[in-house]
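Listed below are the residues making up each chain.
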Amino acid sequence: MKTITMKNFAGLTYVTVSNIPIKNSDCGAIIDTEPRELEVLVAVALIENKIPITGAEFRLLKSAINLSNDGIAKMLGVSRNTVQKWGKEIEKRLPTPYEMLVRFLVADALGIKISSSIEELRANDKTKKIVLKAA
Amino acid sequence: MNVEKKHKYLQMTKFGLISNMGKIEHFIIKQIKEERYVLTVHVRKRMAERFISDNDIIEMAKTLKSIMRQEDNDTYLLKGLDSWGEQLHASVAVRENVIIVTIFYKEQR
């Protein structure tokens, strides 16, 4: 089975995913995984590594848990416009309380065990290099 | 030759897609909505550059404005909106799977 390594996965400069299965087609190399499969893999790592959530991470996390903007807005008690704003401001970090809620929401949706204590829900201040294996 | 005349255009109306949409077009839209598609390596790289997620591709199919056959390379051009309300376009090939071949935002190709 052929595999490739992708750096900057989902635009996140610190994320590298290796061992991604590919196969050839007349349209070029195809990634041989289900939709969202790689996004879920990265989302789990973002939550477990307590990565700060900017718009870029928010986009990936939202996709990994397959929730609409309206769905997230309802769950977090904010307006749809607020959720839109979080996703559009790629480099801006979410306000701390919402960052904690998003971490909790994603962890719950993906079945990741995290402590619900305030200190544990708080993300780190900086990102760190993440290298993942897809298969 | 006017490129648009060469292609079969299918526009969205308030009543849904107009009636001349063929079986293949229906199939493509259904497959993407139901998350049965694959991405080329090229597309995954473009997605990273533009922060496009799988959710955005599925949302584009759900909000489809038009689907057009591109005879020169045997693909279909889909135009819809991503999760953030931006006009997202995708070029799709039908082989044993529905393959997303290219993805770009309006006027970004």
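Procedures and definitions
Residues numbered from 1 in each chain as written. Chains lettered and ligands numbered in written order. Predicted model: local features only at pLDDT ≥ 70, side-chain atom pairs only at ≥ 80, totals over all residues. Helix = DSSP H or I, 4+ residues; strand = E, 2+ residues; numbered from the N terminus. Buried ≥ 20, exposed ≤ 12 C-beta atoms within 10 Å, placed from the backbone. Contact = placed C-beta atoms within 7 Å. Nonpolar A, V, L, I, M, F, W, Y, C, P; charged D, E, K, R; others polar. pLDDT = per-residue confidence, 0-100. Axes fitted to C-alpha atoms, helices over the stretch in contact; angles between N-to-C directions. Parallel < 35°, antiparallel > 145°, perpendicular 65-115°, else oblique. Left-handed = near helix turned anticlockwise from the far one by under 90°. Core = buried A, V, L, I, M, F, W, Y, C linked by C-beta atoms within 7 Å.

1. A word on the overall build of chain B
Then comes step 1: The secondary structure content of chain B amounts to 4 helices and 7 strands.
Then comes step 2: Helices and strands in chain B line up, N terminus first, as α-β-β-α-β-α-α-β-β-β-β.
Then comes step 3: Looking at chain B as a whole, 39% of its 109 residues qualify as buried.
Then comes step 4: Pairs at least 24 residues apart make up 50% of the contacts formed inside chain B by residues separated by at least 6 positions.

2. As for the interface of chain B and chain A
Then comes step 1: Listed per partner, the contact involves 20 residues of chain B and 27 residues of chain A.
Then comes step 2: Counting residues per element, the ones that place at least two in the side of chain B that touches chain A are β3 (38-40), α3 (41-50), α4 (54-62) and β7 (98-105) of chain B.
Then comes step 3: By residue number, the principal contributor to the side of chain B that touches chain A is α3(B), which donates 5 residues.
Then comes step 4: Here the residues of the side of chain B that touches chain A sort into 10 nonpolar, 5 polar and 5 charged.

3. Here we look at the confidence of the model for chain B
Residues and elements named next belong to chain B.
Then comes step 1: Residues at a pLDDT of 70 or more form 80% of chain B, whose mean pLDDT is 85.
Then comes step 2: Mean pLDDT values for the elements of chain B range from 45 in helix α1 (residues 3-6) up to 97 in β3.
Then comes step 3: Scored below 50 in pLDDT, residues 1-6 makes 3 contacts in the model with residues more than four places away or belonging to other chains.
Then comes step 4: Across the assembled chains, the prediction reports ipTM 0.93 with pTM 0.89.

4. Some words on the packing of helix α1 (residues 37-48) of chain A against helix α2 (residues 55-64) of chain A
Residue and element names in this part refer to chain A.
Then comes step 1: The N-to-C vectors of α1 and α2 enclose an angle of 120°; their axes lie 9 Å apart at closest approach. As judged from the angle between their axes, α1 and α2 are oblique. Helix-helix and strand crossings are classified by hand; for α1 and α2 the assignment is left-handed. Counted together, E39, V40, V42, A43 and L46 of α1 and E57, L60, L61, S63 and A64 of α2 form the full contact between these two elements.
Then comes step 2: Its residues assigned to classes, the contact of α1 with α2 comprises 7 nonpolar, 1 polar and 2 charged.

5. Some thoughts on the packing of α2(A) against helix α4 (residues 80-88) of chain A
Residue and element names in this part refer to chain A.
Then comes step 1: Contact geometry for α2 and α4: axes closest at 6 Å, N-to-C directions at 115°. For the pair formed by α2 and α4, the contact residues are G55, F58 and R59 on the first element and W86, G87 and K88 on the second.
Then comes step 2: Of the residues assigned to the contact of α2 with α4, the class counts are 2 nonpolar, 2 polar and 2 charged.

6. A word on the nonpolar core
Then comes step 1: Counting residues in hydrophobic clusters, the biggest one holds 60 residues, and the most contacted among them are A:V42, A:L61, B:V92 and B:I100.
Then comes step 2: Not counting chain neighbours up to four residues away, the residues in contact with A:L61 comprise A:A43, A:L46, A:V102 and A:V106.

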